[in-house]
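Here is how the chains run, residue by residue.
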Amino acid sequence: MSDGLFAARGLACMRGDRTLFAGLSLELAEGQALHVRGPNGLGKTTLLRALCGLSRPARGEVRWRGELITDLADDFTAEVAYVGHLNGIQGDLTAGENLEVARRVFARRTTPPQVVSEALERVGLRAIADRPARYLSQGQKRRLALARLLVLRRPLWILDEPFTALDAASVVGLSALIGEHLAAGGLALIVSHQAFDIPGIEDFELARYSRTRK
Amino acid sequence: MSDGLFAARGLACMRGDRTLFAGLSLELAEGQALHVRGPNGLGKTTLLRALCGLSRPARGEVRWRGELITDLADDFTAEVAYVGHLNGIQGDLTAGENLEVARRVFARRTTPPQVVSEALERVGLRAIADRPARYLSQGQKRRLALARLLVLRRPLWILDEPFTALDAASVVGLSALIGEHLAAGGLALIVSHQAFDIPGIEDFELARYSRTRK
Amino acid sequence: MKFIHKYGAPKRFYQLAGTFIPWFAGITAVLFVSGLYLGLYWAPPDYQQGDAYRIMFVHVPNAWMSMMAYVIMASFAATGYIWNIRLADILARVSAPLGASFTLTALVTGSLWGKPMWGTYWVWDARLTSELILFFLYVGYMALQASIDDARRAAHASAILAIVGVVNIPIIHYSVYWWHTLHQPASLTLTNQPKIYATMLIPLIVMSLAFMFFYLTMLCVRARSEILLRERHTDWVRKLVEGKP
Amino acid sequence: MTADVLTAMRSVFGRELLVFWRRSTEVMTALVFFVIVTTLFPLAIGPERHELMLVAPGVLWVAALLATTLSLNHLFASDYQDGSLEQLLMSPHPLSLLVLAKMAAHWVLTGLPLALLSPLLAVQMALPAKAIGTLVVSLLLGTPTLTLIGAVPAALTLGVRGGGVLVSLLVLPLYTPVLIFGAEAVAASAGQGFASVAHLSLLGAFLALALSFAPWASSAALRVSLD
Amino acid sequence: MTADVLTAMRSVFGRELLVFWRRSTEVMTALVFFVIVTTLFPLAIGPERHELMLVAPGVLWVAALLATTLSLNHLFASDYQDGSLEQLLMSPHPLSLLVLAKMAAHWVLTGLPLALLSPLLAVQMALPAKAIGTLVVSLLLGTPTLTLIGAVPAALTLGVRGGGVLVSLLVLPLYTPVLIFGAEAVAASAGQGFASVAHLSLLGAFLALALSFAPWASSAALRVSLD
Ligand code: HEM
Ligand SMILES: Nc1ncnc2c1ncn2[C@@H]1O[C@H](COP(=O)(O)OP(=O)(O)OP(=O)(O)O)[C@@H](O)[C@H]1O
Ligand SMILES: Nc1ncnc2c1ncn2[C@@H]1O[C@H](COP(=O)(O)OP(=O)(O)OP(=O)(O)O)[C@@H](O)[C@H]1O
Ligand SMILES: [Mg+2]
Ligand SMILES: [Mg+2]
């Protein structure tokens with residue numbers, strides 16, 4: 001199983017003075033996706049943040065193409081797109097401007113300008129691209145956050161409850177999008193309590209590594 | 001249909017200079033619940049806020065027991081419990097303290113102190129009642145917000161995407177809770193994109209009154 | 001009340017203002033020309049200040065208008081908030097920049113006048129200070145309007161501010177004066193005011209009327225464009241725009 | 001019913017104190033800001049006692065006023081962001097009374113400690129001993145007015161672009177009367193010793209006026225901001 | 001690769017300007033705060049020109065410093081709350097450079113306008129004409145240092161209870177040297193006219209020092225805050 005592009009080994013995370021989970025290992029190869037599952041408060045968000053390098057785990061290591069992500073630093077960051085509980089949207093900019101900033105600051109230099117309008121089209125926000133993001137409805141904001149995935153074009157997607165606030169049609173749309181990403185050789189880690197349908201996705205029960213009696 | 005405890009007639013709401021919906025009427029009798037449906041950005045949140053008196057509709061009237069809610073003012077507020085997209089939780093207080101404040105400030109004077117611990121028990125937060133709310137996970141926060149319903153004991157529940165971030169077991173738990181509320185003669189208005197199962201709930205398609213071409 | 005609602009409809013006001021504007025503008029022009037003639041040629045030079053005092057004909061009307069405009073603005077704002085009349089919101093909104101520019105003009109002309117009179121552009125005299133604070137109040141009102149996009153919310157929020165301001169303005173005004181008098185007198189004051197002769201009073205009155213009509217004209221003009229902007233989605237504006245391409 | 005309202009007000013007051021207590025740093029920050037600003041002046045002006053004494057009443061009052069202004073952000077902003085304010089609007093009690101309870105808590109945590117600490121700073125600033133009593137009284141009368149008036153802009157700017165600093169812009173002009181009479185009272189009693197009574201009673205009058213309209217105006221402002 | 005980083009830095013800079021521009025009031029609030037605070041002093045101290053002149057350099061500098069301190073909250077706080085900062089950390093470019101771009105934008109929107117407006121206020125405060133040039137230069141050299149140093153506490157206090165005011169507490173002591181030399185430079189040139197050069201070059205040295213370590217320190221602080 002050493003062909004896992006992305007791998008974690010012996011991971012343990014703490015919050016406050018409690019160890020949430022320990023001894024967690026996972027691997028992800030090209031085109032593969034995991035659905036991380038577990039009840040509220042188990043530590044799924046904590047796990048995802050550790051995997052994408054936003055927080056440092058108490059123990060264990062995370063590797064990308066065999067190298068430690070702490071060594072790769074920015075080179076690893078350039079490969080991951082993270083959508084967390086927070087949308088990361090600047091309310092004072094319009095929907096379009098938000099994505100344009102994402103393209104300029106975060107995307108590869110070769111990313112052509114039209115990805116922005118394509119992404120807006122794809123998530124169904126084209127018509128309201130000029131509306132300040134603060135006025136968007138909850139679901140529209142979430143879609144805008146997800147549109148960033150299309151602008152960044154990174155191989156590893158780490159998504160924390162991406163389906164939150166999405167209407168039925170958008171849930172289907174997003175599942176299809178993730179499916180395409182996987183088909184194109186992308187990787188994905190998804191936390192979600194909601195039902196969704198992505199062919200070939202595997203379940204990953206966090207509870208197996210849990211260290212809490214709650 | 002004039003026995004509707006709660007009724008809206010000819011309601012129209014605007015955001016910016018767009019009319020989201022107009023000519024909307026609805027009625028709700030004792031023990032009755034509506035599931036307000038519609039795609040993202042249609043105006044469901046806007047509708048709920050107008051119905052519970054947080055914002056003023058552009059046109060139309062809302063009545064409670066036949067009287068205008070603008071005339072009733074605080075007397076109407078005393079009958080409604082609203083859980084919005086925001087949880088309304090004070091991060092610096094513990095879970096228990098948050099509910100205790102709700103009991104003292106918002107509940108009827110006759111509400112006995114033990115409702116707080118009963119509510120915590122019911123939403124499964126008893127064990128972490130002493131943890132500052134800022135440390136709770138997304139789903140735990142949502143449950144805490146919902147626990148307020150049990151503390152306030154008000155007849156009309158207005159819930160905006162209550163199932164967000166809840167794990168499967170909690171979704172079932174909340175549905176049961178709403179069922180009990182209805183059985184006891186309560187009223188409920190629920191917005192949700194997620195599937196849930198409450199016997200006797202009727203669908204209310206907001207799209208019928210929509211005035212937007214997106 | 002009915003009357004207000006009838007003529008308070010933005011569309012109605014738009015048409016009404018359209019017919020009044022030429023008249024107001026004409027009166028303004030006539031008053032300005034005669035006021036300037038009277039002030040600059042007809043009135044004799046002052047025996048102490050020479051011709052420098054003529055700046056008074058701009059300074060004093062502007063100072064008066066700055067205060068009047070605030071009261072007018074606040075009354076519009078309160079009307080709009082209490083009875084939910086959109087035209088009043090619009091009028092309040094457009095009078096703020098007008099009032100602020102009167103205030104600024106009074107400040108600038110006063111400073112320019114201060115240099116020959118007192119040998120400095122600024123002293124912390126009561127009148128000057130309260131005028132400066134009035135300017136800040138205008139700026140605050142406009143800043144609040146500017147930072148809220150939703151027209152109705154902006155109108156209501158700034159109306160509350162204007163109402164609180166109206167309670168406060170007399171307090172601010174008089175406290176600055178008491179500050180001045182309860183304390184030892186400032187080293188420089190407005191004591192050596194020119195005694196007003198008829199030859200100066202007449203141009204001053206004409207100029208004040210001129211600025212008043214200027215205010216009315218600008219209020220109508222700006223209100224009209226604000227109405228167009230806000231009602232751009234309504235049928236009558238669309239027809240209007242298509243009518244004269 | 002009235003007893004009900006009182007319980008609710010007491011609980012809001014208690015909640016505020018509890019929250020601030022949890023944010024233990026916040027309890028002292030207005031205070032610390034006050035101390036730091038008063039300390040900066042001698043650094044910037046130079047240490048001559050006479051000059052310091054001349055400006056001391058002014059500096060102390062400006063510092064108190066700025067400290068209050070800064071802490072205004074905390075009156076409603078965090079409650080707005082987490083949705084607690086929405087819930088407060090849905091309470092069965094008159095909003096203006098609950099808001100009054102919040103203001104009271106705010107004053108107890110900012111204005112009051114500041115007034116109590118001021119004698120220490122006054123000594124540092126070489127203020128004559130006979131003026132110190134007046135300083136404390138003027139702050140005790142003036143700071144609640146600052147809280148009351150300040151609540152209105154604080155409520156108006158919720159969720160508004162650039163809200164935080166906008167508050168200072170809106171509030172500082174409204175504060176001038178309090179500042180003038182506060183500082184004058186101290187200066188007067190540092191000088192001749194009389195006249196300060198007149199100033200202090202004016203401060204009292206401002207407080208009464210603010211008490212009568214600020215709770216109403218700020219609860220109206222909250223409703224507008226949450227519309 | 002380097003060109004890449006430059007584009008990203010330019011975009012961050014542009015984004016900041018755009019955001020601030022949208023919050024149009026915010027552009028002027030540091031400025032207006034500066035103006036209002038300088039106005040408060042004559043109100044509190046009294047209108048005598050001589051006393052005012054004595055304290056003018058100090059007052060102007062303290063006001064500039066407070067205005068910068070207040071605007072520090074906006075450097076990272078709103079980006080933190082809406083999650084944009086999380087995304088910035090996930091950018092493929094060195095964080096310290098992106099942070100530097102943010103700081104540059106912050107200075108252009110606060111320090112620079114403030115320095116440019118200061119002559120007007122100096123005239124109001126009766127500062128002698130010959131000192132006005134020094135005032136502007138000292139502010140042009142000093143305010144970027146204030147932004148740079150201030151970013152570190154601003155980053156450290158993100159998400160910390162009572163963060164907003166805590167920043168002032170942490171940052172004001174760090175600002176003292178800048179304040180002292182800035183105010184002294186102005187005071188010196190209001191008096192004898194020499195000596196101010198020495199002070200100004202010290203301010204320049206502080207700026208160079210701050211430029212070399214502040215971007216690094218604040219990006220480290222950001223990582224800690226988001227852990
Ligand atoms: C920046 C400087 C100045 C400001 C802000 C200012 C402000 C004002 C204001 C607010 C008024 C209206 C007062 C009222 O009606 O209650 C006024 C009136 C007047 N000002 Fe000034 N002023 C300034 C400088 C001067 C100077 C230098 C002079 C000449 C000595 C002057 C002469 C007058 C006169 C003659 C009036 C009308 C007198 C009256 O209505 O009682 N002002 N000014
Ligand atoms: N400082 C702390 N002290 C104690 N417990 C903490 C602290 N911070 C967080 N926790 C706990 O750690 C867990 C964090 O879980 P996390 O947010 O990762 O949950 P999750 O699996 O994402 O849950 P959800 O499905 O609700 O989003 C929660 O149970 C939370 O209460
Ligand atoms: N100031 C404004 N100008 C224009 N459009 C606005 C403005 N404010 C809000 N809107 C739009 O009004 C609608 C508000 O909808 P609301 O939040 O009620 O949606 P919703 O039905 O609750 O959606 P969701 O399911 O995503 O929560 C959105 O389409 C939003 O983009
Ligand atoms: Mg989570
Ligand atoms: Mg919604």
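Residues numbered from 1 in each chain as written. Chains lettered and ligands numbered in written order. Predicted model: local features only at pLDDT ≥ 70, side-chain atom pairs only at ≥ 80, totals over all residues. Heavy atoms only, no water.

### Some points on the packing of aromatic side chains
Right, on to step 1. Applying the stated criterion to the full structure yields 21 aromatic pairs over all chains.
Right, on to step 2. Ring centres of B:Phe6 and B:Phe76 lie 6.0 Å apart, and the angle between their planes is 5°; on these two criteria the pair is classed as stacked. With B:Phe6 in strand β1 (residues 6-15) and B:Phe76 in helix α3 (residues 74-77), this pair connects stretches of sequence that are 70 residues apart.
Right, on to step 3. By relative accessible area, which is 0% here, B:Phe6 ends up buried.
Right, on to step 4. For B:Phe76, a relative accessible area of 2% gives the class buried.
Right, on to step 5. Within the aromatic cluster, the residues linked to one another by ring pairs are C:Phe32, C:Phe102, C:Phe211, C:Phe214 and C:Tyr215.
Right, on to step 6. Seen from the ring of A:Phe204, A:Arg208 lies directly overhead, with NZ or CZ sitting 5.9 Å from the centre.
Right, on to step 7. Here the guanidinium or amino end of C:Arg224 rests over the ring plane of C:Tyr14, the centre of that ring lying 4.0 Å away. (Phe/Tyr/Trp six-rings, centres within 6.5 Å; stacked < 30°, edge-to-face > 60°. Helix = DSSP H or I, 4+ residues; strand = E, 2+ residues; numbered from the N terminus. Buried < 20%, exposed > 50% of the residue type's maximum accessible area, 1.4 Å probe, protein only. Lys NZ or Arg CZ within 6 Å of the ring centre and 35° of its normal.)

### Points about the site of ligand 3
Right, on to step 1. Taken together, 21 residues form the shell around ligand 3, and within it A:Arg131, A:Ser137, B:Lys44, B:Thr45 and B:Thr46 come nearest.
Right, on to step 2. In this structure, ligand 3 is bordered by residues of chains A and B.
Right, on to step 3. Note that an oxygen atom of ligand 3 is positioned 2.6 Å from one of the side-chain N or O atoms of B:Thr46.
Right, on to step 4. Every element with two or more residues in the shell around ligand 3 is listed here: α6 (138-152) of chain A together with β2 (18-28) and α1 (44-51) of chain B.
Right, on to step 5. Taken together, the residues of the shell around ligand 3 break down into four nonpolar, 12 polar and five charged. (Near = heavy atom within 4 Å. Polar contact = N/O pair within 3.5 Å; in protein donor to acceptor, adjacent residues only side chain to side chain. Nonpolar A, V, L, I, M, F, W, Y, C, P; charged D, E, K, R; others polar.)

### Points about a nonpolar patch on the surface
All names here are of chain C.
Right, on to step 1. A cluster of nonpolar side chains, contributed by Leu36, Tyr37, Leu40, Tyr41, Trp42 and Ile202, occupies part of the molecular surface with about 660 Å² of accessible area.
Right, on to step 2. Of the residues forming the nonpolar patch, the biggest block, five residues, is contributed by helix α2 (residues 10-42).
Right, on to step 3. Relative to the elements of secondary structure, Leu40 occurs in helix α2.
Right, on to step 4. For Leu40, a relative accessible area of 44% translates into the label partly exposed. (Patch = residues over 30% accessible without salt bridge, like charges linked within 9 Å, V, L, I, M, F, W, Y side chains within 5 Å. Areas by Shrake-Rupley, 256 points an atom, 1.4 Å probe, with all protein chains shown as cover. Salt bridge = Lys/Arg side-chain N within 4 Å of Asp/Glu carboxyl O.)

### Notes on the sheet that holds strand β9 (residues 202-205) of chain B
Residues and elements named next belong to chain B.
Right, on to step 1. One open sheet accounts for five strands, arranged β6-β7-β8-β3-β9; its pairing is parallel. Every other strand in the sheet has two partners, leaving β6 (80-83) and β9 as the edge strands with one partner each. Put simply, the sheet's adjacent strands are angled 15° from each other on average, direction ignored.
Right, on to step 2. Pairing geometry for strand β7 (residues 156-160) and strand β8 (residues 187-191), over five bridges, is parallel. Considered in β8, the bridge of Asp160 is made with Val191.
Right, on to step 3. Here helix α6 (residues 138-152) sits on the sheet and contacts β6 and β7; the angle it forms with β6, its principal contact strand, is near 180°.
Right, on to step 4. Against the sheet, helix α7 (residues 168-183) contacts β3 (33-37), β7 and β8, and its axis sits at roughly 150° relative to β8. (Pairing = 2+ DSSP bridges. Axes fitted to C-alpha atoms, helices over the stretch in contact; angles between N-to-C directions. Contact = heavy atoms within 4.5 Å.)

### Some points on the nonpolar core
Right, on to step 1. Ranked by size, the top nonpolar core spans 384 residues in total, and within it A:Phe6, A:Leu51, B:Phe6, B:Leu51, D:Phe76 and E:Phe76 carry the most contacts.
Right, on to step 2. When residues in this core are grouped by element, the largest group, 16 residues, is from helix α3 (residues 49-81) of chain E. (Core = buried A, V, L, I, M, F, W, Y, C linked by side-chain atoms within 4.5 Å.)

### A short note on the environment of D:Trp216
Right, on to step 1. Position of D:Trp216 relative to the elements: it lies in helix α10 (residues 196-226).
Right, on to step 2. In this structure the C-alpha to C-alpha distance between D:Trp216 and D:Leu95, which are 121 residues apart in sequence, comes to 8.4 Å.

### Brief notes about the sheet that holds β1(B)
All names here are of chain B.
Right, on to step 1. Strands sit in the order β2-β1-β4-β5 across an open sheet of four strands; the sheet is antiparallel. The sheet is open, and its two edges are formed by β2 and β5 (67-68), each paired on a single side.
Right, on to step 2. Relative to β2, β1 runs antiparallel, the two sharing seven bridges. The partner of Cys13 across the bridge, within β2, is Phe21.
Right, on to step 3. Running over the sheet, α1 touches β1, β2 and β4 (59-64) and is turned about 125° from β1.

### A closer look at the pattern of salt bridges
Right, on to step 1. Within this structure, the stated rule accounts for 27 salt bridges over all chains.
Right, on to step 2. The residue B:Arg37 makes a salt bridge to B:Glu205 at a minimum N-O spacing of 3.5 Å. One end of the pair, B:Arg37, is in strand β3; the other, B:Glu205, is in strand β9, with 168 residues separating them in the sequence.
Right, on to step 3. Using a relative accessible area of 33% as the deciding quantity, one classes B:Arg37 as partly exposed.
Right, on to step 4. A salt bridge links D:Lys102 to D:Asp79, with the nearest nitrogen and oxygen atoms 2.6 Å apart. With D:Lys102 in helix α6 (residues 95-109) and D:Asp79 in helix α4 (residues 73-81), this pair connects stretches of sequence that are 23 residues apart.
Right, on to step 5. Overall, the relative accessible area of 5% leaves D:Asp79 in the buried class.
Right, on to step 6. Counted as one network, the salt bridges with shared partners bring together A:Arg37, A:Asp203 and A:Glu205.

### What to know about the domain arrangement of chain A
The accessible area lost on association of the parts is a frequent measure of interface size.
Residues and elements named next belong to chain A.
Right, on to step 1. Assigned domains within chain A: domain 1 (1-79 + 155-214) and domain 2 (90-151).
Right, on to step 2. Contact residues are listed per partner, giving 17 residues for domain 1 and nine residues for domain 2.
Right, on to step 3. Taken over both partners, the interface formed by domain 1 and domain 2 buries close to 970 Å², and the fraction arising from carbon and sulfur atoms is 59%.
Right, on to step 4. Considering only the side of domain 1, the residues that lose the most area to domain 2 are Trp157, Ala165 and Leu177, jointly responsible for 39% of the buried surface there. (Domains from an automatic or database assignment. Buried area = accessible area lost by both parts, 1.4 Å probe.)

### Describing the coordination of the magnesium ion (ligand 4)
Tetrahedral coordination by four donors sets the ideal angle at the metal to 109.5 degrees; octahedral coordination by six donors sets it to 90 or 180 degrees.
Right, on to step 1. Coordination of the magnesium ion (ligand 4) by the protein is provided by A:Thr45 (OG1) and A:His85 (NE2), with metal-donor distances spanning 1.9 to 2.4 Å. Taken as a pair, A:Thr45 in helix α1 (residues 44-51) and A:His85 in the loop between β6 (80-83) and α4 (95-106) lie far apart in primary sequence, 40 residues in all. (Donors = N, O, S within 2.8 Å, 3.2 Å for Na, K, Ca; no water.)

### Structural notes on the confidence of the model for chain C
All names here are of chain C.
Right, on to step 1. The predicted model of chain C has a mean per-residue pLDDT of 83, with 89% of residues at 70 or higher.
Right, on to step 2. Every residue in residues 184-189 is under pLDDT 50, and counting partners more than four places away or in other chains gives 10 contacts.
Right, on to step 3. If you check the scores for this complex, the pTM reads 0.87 and the ipTM reads 0.85. (pLDDT = per-residue confidence, 0-100.)

### Here's the deal with the interface of chain E and chain A
Right, on to step 1. With 31 residues of chain E at the contact, the number on the chain A side is 27 residues.
Right, on to step 2. Across the chain E to chain A interface the summed buried area is about 2600 Å²; carbon plus sulfur atoms make up 53%.
Right, on to step 3. Three residues, E:Glu86, E:Gln87 and E:Met90, lead the burial of chain E against chain A; their summed loss comes to 27% of the area buried on that side.
Right, on to step 4. A:Arg49 serves as the salt-bridge partner of E:Glu86, at 2.7 Å between the closest nitrogen and oxygen.

### Quick look at the interface of chain D and chain E
Right, on to step 1. Taken residue by residue, the interface counts 40 residues in chain D and 38 residues in chain E.
Right, on to step 2. When the two sides are added together, the surface that chain D and chain E hide from each other amounts to roughly 3600 Å², 80% of it contributed by carbon and sulfur.
Right, on to step 3. Taken together, the connections running from chain D to chain E amount to zero salt bridges.
Right, on to step 4. Joining chain D to chain E, the criterion identifies zero residue pairs in polar contact (both at pLDDT 80 or more).
Right, on to step 5. Elements supplying a minimum of two residues to the side of chain D that touches chain E: α2 (24-45), α3 (49-71), α4 and α9 (163-190) of chain D.
Right, on to step 6. Tallying contributions element by element places α2(D) first for the side of chain D that touches chain E, with 14 residues.
Right, on to step 7. Of the residues that constitute the side of chain D that touches chain E, the class distribution is 26 nonpolar, nine polar and five charged.

### Quick look at the coordination of the iron atom of ligand 1
Right, on to step 1. Counting protein donors around the iron atom of ligand 1 gives one, C:His59 (NE2), at 2.1 Å.
Right, on to step 2. Residue position: C:His59 is located in helix α3 (residues 56-83).

### A look at the side chain of E:Asp79
Right, on to step 1. A polar atom in the side chain of E:Asp79 sits 2.6 Å from the side chain of E:Lys102.
Right, on to step 2. Residue contacts for E:Asp79: discarding those within four places in its chain leaves A:Gln90, E:Arg15, E:Glu16, E:Ser84, E:Leu85 and E:Lys102.

### Digging into α6(B)
Right, on to step 1. Here α6(B) is 15 residues long and its end C-alpha atoms lie 22 Å apart, about the 21 Å a rise of 1.5 Å per residue gives.
Right, on to step 2. The buried fraction of α6(B) amounts to 12 of the 15 residues, a majority that puts the element mostly inside the structure.
Right, on to step 3. Buried within α6(B) we find B:Gly139, B:Gln140, B:Arg142, B:Arg143, B:Leu144, B:Ala145, B:Leu146, B:Ala147, B:Arg148, B:Leu149, B:Val151 and B:Leu152.
Right, on to step 4. If you follow the buried residues of α6(B), they end up packed against β6, α4 (95-106), α5 (114-122), β7 and α7 of chain B together with α5 (84-89) of chain D. (Expected span 1.5 Å × (residues − 1).)

### So, the site of ligand 1
Residue and element names in this part refer to chain C.
Right, on to step 1. Around ligand 1, a shell composed of 17 residues is seen, among which His59, Trp64, Leu107, Trp113 and Glu131 lie nearest.
Right, on to step 2. Within the side chain of His59, one N or O atom sits 2.8 Å away from a nitrogen atom of ligand 1.
Right, on to step 3. Arg127 places a polar side-chain atom, nitrogen or oxygen, 3.4 Å from an oxygen atom of ligand 1.
Right, on to step 4. When contributions to the shell around ligand 1 are tallied by element, the ones reaching two or more residues are α3, α4 (86-118) and α5 (126-146).
Right, on to step 5. The element best represented in the shell around ligand 1 is α4, accounting for seven residues.
Right, on to step 6. Class assignment for the residues of the shell around ligand 1 results in 11 nonpolar, four polar and two charged.

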